[in-house]
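Structural features, examined
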Amino acid sequence: MGRGVRTLRHSERGYPRGLGDLKAPPDPVYLVGPWDHSGPRVAVVGARNATEDGIDVARDLARSLCERGIAVVSGLARGIDAAAHEGALTAGGPSGAVLGTSVEETYPREHAALQLALARSLGLMSEIRPGTPSTPGTFASRNRLLAAIADAVIVVQGRSGSGSLITAEEALRLGRPVGALPWDSREPLGEAPHGLIRAGKATLVRNADDVVKLLPDSGGDARAAGDVPVGGGDARTPRLIDIEALRPHEAALYRALRNHPRSLDDLAAAARLSASELGVALLALELGGLARRAPGGLARRTRPTP
């Protein structure tokens, strides 16, 4: 057994909260890290082949949840899972991963640094004994653990056969609330969240405020549908940007901007603006504290100053 790996039986003190609700709790479960967050935990899950918008939404949602004292858990997969972990860690909040491999294995390999950061944050969890190889079935099975340790499950993106639906269905069986993000009707990766909403299995959520309302004993109020939460100031009352209040070119550009830098050519194409229209709109967003230029002809979204 590797250093730092704890083995806990179902009957032992410190056994992770929520796992005992499963029909067949893992016995034992293997842990790395403290797993000591006593506040709410939200699972943010979705497609491995997520879109840029999906990645941004997952990062922003996780960051906003952590700013409210909520831990974010996911499965360390590519796409939405990794974005959720990254957003939480960026906010300095706790994030943990439930793995489809043993806690000593790294998969995918490009997530080695992320896995190490999570081990030092909330931690890593698996029901697979170290040294035992993973299988496709172990990745599907881990989803029930993820649902069990969460106080709510949020599905960001996924097709109709997405593995995130396994997590959502298990959460429903356990009595955990499920939320899902709405997307353009033409977005294929909106199939899973739209299907859950249409079937009445999930509540439509747009931001962290909506997610907080799903949690037990929550008292948060919902924000207006046109508002986009932007961090800054008091984390409990995040400053919001009403996109519809912006001028048309500015609104188009703001929607095209991401939290990571994009080239001005890409932004012009995405916003359907000429070079001169882009320049004027970008200057207006910069003056409003909503955008920032980066070296190399790039620009990104930024937080507005209080």
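Right, let's walk through the structure included here. What you see is a predicted model; the values in this text were computed from it and never measured.

1. Describing the layout of surface pockets
What the second largest pocket holds in volume is close to 230 Å³. What lines the second largest pocket is a set of 18 residues, among which Arg 48, Arg 142, Asn 143, Gly 163 and Ser 164 lie closest to the centre. If you list the elements that add at least two residues to the lining of the second largest pocket, you get helix 4 (136–149) and helix 5 (164–173). A total of six residues in the lining of the second largest pocket trace back to one element, the largest contributor, which is helix 4. Counted by class, the lining of the second largest pocket contains eight nonpolar, seven polar and three charged residues.

2. As for the sheet that holds strand 1 (residues 6–8)
Strand order in the open sheet formed by nine strands is 1-2-6-5-4-3-7-8-9, and the pairing between neighbours is mixed. Only two strands of the sheet have a single neighbouring strand rather than two, namely strand 1 and strand 9 (203–204). By the bridge criterion, three bridges tie strand 5 (residues 95–98) to strand 6 (residues 123–126) in an arrangement that is parallel. Considered in strand 6, the bridge of Val 98 is made with Met 125. The strands that helix 4 touches are strand 3 (41–45), strand 4 (71–74), strand 5, strand 6 and strand 7 (152–155); relative to strand 5, the one it contacts most, it runs at about 145°.

3. With respect to the sheet that holds strand 12 (residues 262–263)
The strands that make up a sheet are held in pairs by hydrogen bonds between backbone atoms, and each pair lies either parallel or antiparallel. Spatially, three strands are ordered 12-14-13 in an open sheet, and the strand pairing comes out antiparallel. Each end of this open sheet is capped by a strand with a single partner; those strands are strand 12 and strand 13 (291–294). Two elements, strand 13 and strand 14 (residues 298–301), share four bridges in a ladder whose sense is antiparallel. Within strand 14, the residue paired with Ala 294 across the bridge is Leu 298.

Calculation notes
Residues numbered from 1 in each chain as written. Predicted model: local features only at pLDDT ≥ 70, side-chain atom pairs only at ≥ 80, totals over all residues. Heavy atoms only, no water. 1 Å grid on protein atoms, 1.4 Å probe; cavity = no way out; pocket = protein on both sides within 12 Å on 5 of 7 lines; lining within 4 Å. Points joined across faces, edges and corners; volume = space filled by probe spheres on them. Helix = DSSP H or I, 4+ residues; strand = E, 2+ residues; numbered from the N terminus. Nonpolar A, V, L, I, M, F, W, Y, C, P; charged D, E, K, R; others polar. Pairing = 2+ DSSP bridges. Contact = heavy atoms within 4.5 Å. Axes fitted to C-alpha atoms, helices over the stretch in contact; angles between N-to-C directions.

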